[in-house]
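# An overview of the molecular structure
Spelled out, the chains give:
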Amino acid sequence: MNYINMLFFDIYPYIAGAVFIIGSWLRYDYGQYTWRAGSSQMLDKKNMRLASNLFHVGILGIFAGHFLGMLTPHWMYESFLPIEYKQIMAMVGGGTCGVLMLVGGIMLLKRRLTNPRVRATSSFGDIMILTLLVIQVALGLLTIPFSAQHMDGSEMMKLVAWAQSIVTFHGGASAHLEGVAFVFKLHIFLGMTIFLLFPFCRLVHIWSVPVEYLTRRYQIVRNRH
């Protein structure tokens, strides 16, 4: 069992991370024509804006919460934010964003599977990654009842210690996950798998945040008479 934990939570994170970074770089260099979001809004706009906004607001909130909550060293906030309150913030904030993402994701997945025009233009990768994201956020929501059993933040701090050990290249990170509920481990494993698949699906459009749009010069499309 220790070998399985080492494989999944000591070795696999670096494999997924390497594929995520190197794969994204190679696709950007050699697959420019496939670097796109592949929007299907023009095919059918019904409920598209609502579903997309729910999904994206939820996933952005979840990403920000995971990034700040998991990777910020404890000493930076322990003087003004007790771990018990951080636990409550994670459950309420993460749960709210998770519900938004789940509802939006289910709406988008239903649309992609049942709308004939959208289904005809959807690849296997489009459906697969959206399905995995919906499953992943559902798993995240399922962790809340288990977190509620440890309101002192002890369970969360195990997850934080694992994440920080991974990003700082400390060996034996899997030891921090001893005793945590299986749903947490499944959530972590699927999350790393999504990073592994990232360069090979439409998620690469996340890298192309249109920051330059805010500072670019105006373009004259036609003269005003």
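An account of the accompanying structure is given in this report. (Residues numbered from 1 in each chain as written. Predicted model: local features only at pLDDT ≥ 70, side-chain atom pairs only at ≥ 80, totals over all residues. Heavy atoms only, no water.)

## What to know about the overall build of the protein
Applied cut-off: What counts as a helix is a DSSP run of H or I of at least four residues, what counts as a strand is a run of E of at least two, and both are numbered from the N terminus. Per-residue accessibility, obtained with a 1.4 Å probe over protein chains only, is compared with the maximum for each type, and a residue is labelled buried under 20%, exposed over 50%, and partly exposed between these values. Here, two residues are considered to be in contact whenever any of their heavy atoms come within 4.5 Å of each other. In this description, accessible areas are obtained by the Shrake-Rupley approach with a 1.4 Å probe, and a residue is regarded as covered only by the protein chains that are shown.
Counting its regular elements, the protein contains seven helices and zero strands. Ordered by position in the sequence, the α and β elements of the protein form the string α-α-α-α-α-α-α. Looking at the protein residue by residue over its 225 residues, the buried ones come to 37%. A separation threshold of at least 6 residues defines the contact pool for the protein, and within that pool the share at least 24 residues apart is 80%. Accessible surface for the protein amounts to roughly 14,800 Å². Of this, 70% is attributable to carbon and sulfur atoms.

## What about the nonpolar core?
Here is the rule: Within this scheme, the nonpolar core is defined by two criteria: the residues are buried Ala, Val, Leu, Ile, Met, Phe, Trp, Tyr or Cys, and they are joined through side-chain atoms within 4.5 Å.
In terms of nonpolar packing, the biggest core is built from 38 residues, with Trp 162, Leu 177, Ile 188, Met 192, Ile 194 and Leu 203 touching the most fellow members. Of all elements in the fold, only helix 1 (2-30), helix 2 (48-71), helix 3 (83-114), helix 5 (124-147), helix 6 (154-167) and helix 7 (182-197) reach the threshold of two or more residues within this core. Broken down by element, this core gets its largest block of residues, seven residues, from helix 5. Not counting chain neighbours up to four residues away, the residues in contact with Leu 177 comprise Phe 9, Lys 158, Leu 159, Trp 162, Lys 185 and Ile 188. Core analysis: the second largest hydrophobic core is formed by five residues, Tyr 77, Leu 81, Met 156 and Val 160 among them.

## Some thoughts on the environment of Gly 95
Structurally, Gly 95 is set in helix 3. Given a relative accessible area of 10%, Gly 95 falls into the buried group. Sequence-distant contacts of Gly 95, defined by excluding residues within four places in its chain, comprise Ala 90, Leu 141 and Ile 144.

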